[in-house]
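Observations on chain architecture
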Amino acid sequence: MKEKMIMGELLKTVLHDRHASLGAAMVDFGGWHMPLQYRTGIVEEHLATRKSAGLFDVSHMGRFIVRGAGSLAFLQHTLSNNAAALDAGFAQYTMIPNMQGGALDDAYLYRFTPDEYLLVVNAANREADWRYFQEMLTGFPETKLEDASGSMAMISLQGPSSRAILEELVGPGGLPEPLKNALCTASFQGKTLRIARTGYTGEPLGFEFFLAAADAPWLWDLFLEKGAVPVGLGARDTLRLEAGLPLFGHELGKDPDGSEIPVFACPLARFAVSLSPLKENFIGRERLALQWEALKRIQDEDYRSLEDLPRRIMPFALRGKGIARTGFRVFQGVKEIGFVTSGTMVPYWKTEGEGLSTRFTGEREMRAIGLMLIDSRLKKDDPVEIEIRGNRVDAVVVPWHLRSDAPPYAMPILPRPTEVSGKAISGAGREKAFDLLAKAVRNTLWRQTECINLIPSEQSVSPMVRRLTAMDPACRYAEHRAIRSYYDADVFYYQGTDFIESVEILLKEEMIRYLGGRKVEPRVISGQMANAVVFSALVDYLNRGDRKKEPRRIGTVLNNHLIRGGHLSAQPMGALHNFVRIDPRTEKPAVVNFPVLPENPYRIDVEATRRVIDEHRPELIIFGKSMVLHREPVREIRDFLREQKIESVVLYDMAHVLGLVGPYFQEPFIEGADLVTGSTHKTFFGPQRGIVAGNWREEEKQYALWESVENRTFPGSVSNHHLGTLLGLLMAAYEMNCFRETYQQAVIRNAKAFAGALHDVGLRVAGDPAISFTETHQVIVEVEYAKAVEAARRLEENNIICNYQAAPDEEGFTAAGALRLGVQEMTRFGMGPEDFRTLAQYIRDVVVDGRSVREEVAAFRKRFLAMRYCFAEDMFSDLMEKLHRLI
Amino acid sequence: MKKIEEIVLPEELRYSADHEWVGQEGDRARVGITDYAQDQLGDIVYVELPTVGKHIAQGAVFATVESVKSVSECFMPLSGEITAVNGPLSDDPVLLNQSPYGEGWMVLVKPDDPAAVSKLLTAEAYRARLKGDA
């Protein structure tokens, strides 16, 4: 055994004494005397970060403040990312590129306030980076650069418990928004803390803190008191390696032969490099552009530009015995294809179960993994061999070692053979048919007679609607289109369609009667399609003047943010995907969000929205969301648009609240919406379909947009528009127009009573208590952070069906801490305020007390089996019987 | 990390300057790494042992011990033939940390020179060297 110790004049962070008193093994790292590990060791520190929270002193990193005129131009010129896209309150990963397309360093750029940037660089490069920036500054005489590395400390808290620990200190309102790279400034015990949702561990929950150096020991001690585990550089390295994050000197910089590793060899480069025109001719642009082109080609398996990006960083998992270390050679057959850039053995928590039921077993395991710089032509799952002390050991290219998309945990991903799940039923066709029938009977009886159904986006249909949905039109086609030569009369393409034609005409009339407005398009078969049709129609309308050129997309869109209840169908990741332009400044879809009230994130801040509209001039404003407690301020915004003469199309996606249209909730067209979309099966009484309605008169300019809506429905989106449910929807519309008064009042009364009762039994109900928490059919109950998935599962075991919901401050659905409940379906089955109070107690029994109430709930449901707010079956018993026999 | 005084060094064993221990068992010698070595290495995650029957000269590498951070070679404290290796170490390298003188032993050797063991450092001499190192 040989041990080497290198000690010289090393720098110490402000927390150096803390490390010593915690018994840390100290090492030289980039000229700093830093903790390699504490008493428990690297493995324990790594595992503690993944299971609870790790605490890191990262004060050795360089911190430069950039301010003054020309700051942005300076950053755009010297960094690879688009600093112009960085709004105050966010951070971005970036490279400090050189002219050869390699990296002088990688860095994080933070913008806590509008007038100042904070750039964090690697400890070992701090002095070189500083000298480089000083040289570059000569071209930017008014830009000031300050080295704050000494005056400001930096601490990192990472892992699933980090959020709770931080909340204990600064309160729930003191955290940055639950978005990657979000920032905020909080103060606690009279000290100012700058907080960032950033980190170097791959943890979905992790925070980095900037504070006055003198305050660092105070914060460090507080975190330790709250249970954070101190983590040294050893585990910091294994954590980042498991997360696949590059380390300068390994995956970035120069390779062992002294040649530049192209920046785009790193998978993260696509997020760290921008070729936006706003960056003009920044350092390294030319070479980076070539690398980017090469990368795009490589993805298409086109290797013509391979010389610009001959090797890429790829993660590997070792299949054979041993550990592949930095520098070890990688082979494919006899050919040497690259080398290991980082490699070690890392620990992980074993898991069991599938999907949302995945759990840590408490057992631990080790795995030999790493990153390598190898021939760009290799792909995931390709086998390679790594030479370990003269022996070739099998390894495989893997896409990643860890995933962070199921907060609050980072989950280890192991290469495993793909298995076909054995859920298929064996046996002959007859047995399969029997099995399906029996299960469908069981499922229907359970949901219709034993369960309390509280999913706000669902509805049971009346017996009449249900039967009509299965009648002959369900097997037919009835494509039709208005023909100008016949004064826009609808022409049907098939025979035998007179009945369905009359149904469609009647349905339009009923829906216009219900919604107000002037036009209805009932052929869309879902709410999501309704929105997609509107977006497609708007693009069509915007380009109506010149159809020979490439069509332009919708300009800026204003909508509700996904984390504040906005629905996917109004998001760029959903139905808006191909229809909204990319903002040249942010290089992201040009979507801005409704600001919300600080004290109530469920309510739009009208005053702030006016400012957003004034600044961004959205071409389309989309009201409506799927977590909805309040009316949308349609009238206020319409008035503002009118005053300011801003021509935005106002769409109200009423998906959830379509059945509440009227004086007890909202009247969208009276309040000023141009278009209403919705799904017909949430608060409305229909089978599952969508609807689009408009309010323009034929003589108005924008009527052309309505014509586009019709065209983008047919032939744009549907050929056959599912005639069985169209027939059912007409009956549902009759029911709604007949019973809306009493139904809508009952729904809102029940929701308020339910919310109040849930509050009274000791549950935390979201919203404004002054209005009994809700103005819709929905109630949001806050259970506990990341515990709602489990709560919803337990409620289901007790015959209460609802859905878990991420509240506005939570990171994603797997971290959901809330339940979303809707009263509309059970209101239809006759439940009243008193019954909802009883139900509130059952929910408390299950969620808080862990009691089993399965049988009690099933018995309770038996009191509510007859559908209300529909025509009594015995009124037409002969016809109903005939319909039934015809099914 | 342990202080030198905290390092466990059984009196009945002999030690090499390269941090191996040797225990005489009849005409065989049992070899492992010292408490000091395992403590310095930290979590040991991989061990590579020689094949039985191989003759290894004093000072030559007989095993490789890897922690998360480092790869360390173990040098033969005396010349001889490997007559047995501790198989369970391959699956459970952490035994080297938990029990360096017990379940964490590494190899059994038939020394060329039966008197070689007695020429190695005593616990006292080894500890003195550690203090000099530290």
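Residues numbered from 1 in each chain as written. Chains lettered and ligands numbered in written order. Predicted model: local features only at pLDDT ≥ 70, side-chain atom pairs only at ≥ 80, totals over all residues. Heavy atoms only, no water.

**Some words on the sheet that holds strand 26 (residues 557–559) of chain A**
Residue and element names in this part refer to chain A. Note the following rule: Each pair of strands is called paired provided DSSP finds at least two bridges between the two strands. Runs of H or I in DSSP of at least four residues are treated as helices and runs of E of at least two as strands, each being numbered from the N terminus. Fitted lines through C-alpha atoms give the axes, limited to the stretch in contact for helices. The angle between two N-to-C directions lies from 0 to 180 degrees. Here a residue-residue contact requires only that any non-hydrogen atoms of the pair lie within 4.5 Å.
Strand order across the open sheet formed by seven strands is 25-35-34-33-32-26-29, with mixed pairing between neighbours. Where the open sheet ends on each side, the last strands, each with one partner, are strand 25 (519–521) and strand 29 (591–593). Neighbouring strand axes in the sheet, compared pairwise and without regard to direction, differ in orientation by 20° on average. Pairing between strand 26 and strand 29: three bridges, direction parallel. The residue of strand 29 that forms the bridge with L558 is V592. Its contacts with the sheet place helix 12 (residues 498–515) against strand 25 and strand 35 (690–694), and it is angled at close to 125° to strand 25. In this fold helix 14 (residues 606–616) packs onto strand 26, strand 29 and strand 32 (620–623), with an angle of close to 165° to the strand it touches most, strand 26.

**Considering the side chain of S708(A)**
Residue and element names in this part refer to chain A. To keep it simple, the criterion reads: Polar contacts, as counted here, are pairs of nitrogen or oxygen atoms within 3.5 Å of one another; within protein the pair requires one atom able to donate a hydrogen and one able to accept it, and residues that are adjacent in sequence qualify only if both atoms are side-chain atoms.
Relative to the helices and strands, S708 is located in helix 17 (residues 703–713). A polar atom in the side chain of S708 sits 2.8 Å from the side chain of D540. Every residue in contact with S708, bar those within four places of it in the chain, is listed here: A537, D540 and Y541.

**Some details on the packing of aromatic side chains**
All names here are of chain A. To keep things clear, this is the line we draw: Any pair of Phe, Tyr and Trp rings, taking the six-membered ring for Trp, is counted once the centres come within 6.5 Å. Such a pair is stacked with planes under 30 degrees apart, edge-to-face with planes over 60 apart, and tilted for the rest. Counted as over-ring charges are cases with an Arg CZ or a Lys NZ within 6 Å of the ring centre that also lie within 35 degrees of the ring normal.
With the rule as written, the count across this model stands at 29 aromatic pairs over all chains. For the pair F594 and F623, a centre-to-centre distance of 5.1 Å together with 20° between the ring planes defines the contact as stacked. On the criterion of sequence distance, the pair formed by F594 in the loop between strand 29 and strand 30 (596–597) and F623 in strand 32 is long-range, its members being 29 residues apart. Three or more aromatic residues joined by ring pairs form one cluster here, namely F64, F74, W130, Y132, F133 and F140. K51 extends its terminal NZ or CZ atom over the ring of W349, reaching a point 3.7 Å from the ring centre. One residue, R403, lies across the ring of W400, its end atom 4.1 Å from the ring centre.

**Re the domain arrangement of chain A**
All names here are of chain A. Counted only if it meets this: How far each domain reaches was decided by an automatic or database domain assignment. By buried area we mean the combined loss of accessible area, with a 1.4 Å probe, across both parts when two parts are placed together. The working definition used for a salt bridge is a side-chain nitrogen of Lys or Arg within 4 Å of a carboxyl oxygen of Asp or Glu.
Considered domain by domain, chain A is made up of domain 1 (60–149 + 244–304), domain 2 (310–412) and domain 3 (474–733). Distance between the C-alpha centres of domain 1 and domain 2: 27 Å. On the side of domain 2, twelve residues touch domain 1, which itself brings 14 residues to the contact. When domain 1 packs against domain 2, the two sides together hide about 1,100 Å² of surface, and 68% of this comes from carbon and sulfur. On inspection of domain 1 and its partner domain 2, the count reaches one salt bridge. For K379, the salt bridge identified is with E301, shortest N-O distance 3.8 Å. Taken together, the connections running from domain 1 to domain 2 amount to five residue pairs in polar contact (both at pLDDT 80 or more).

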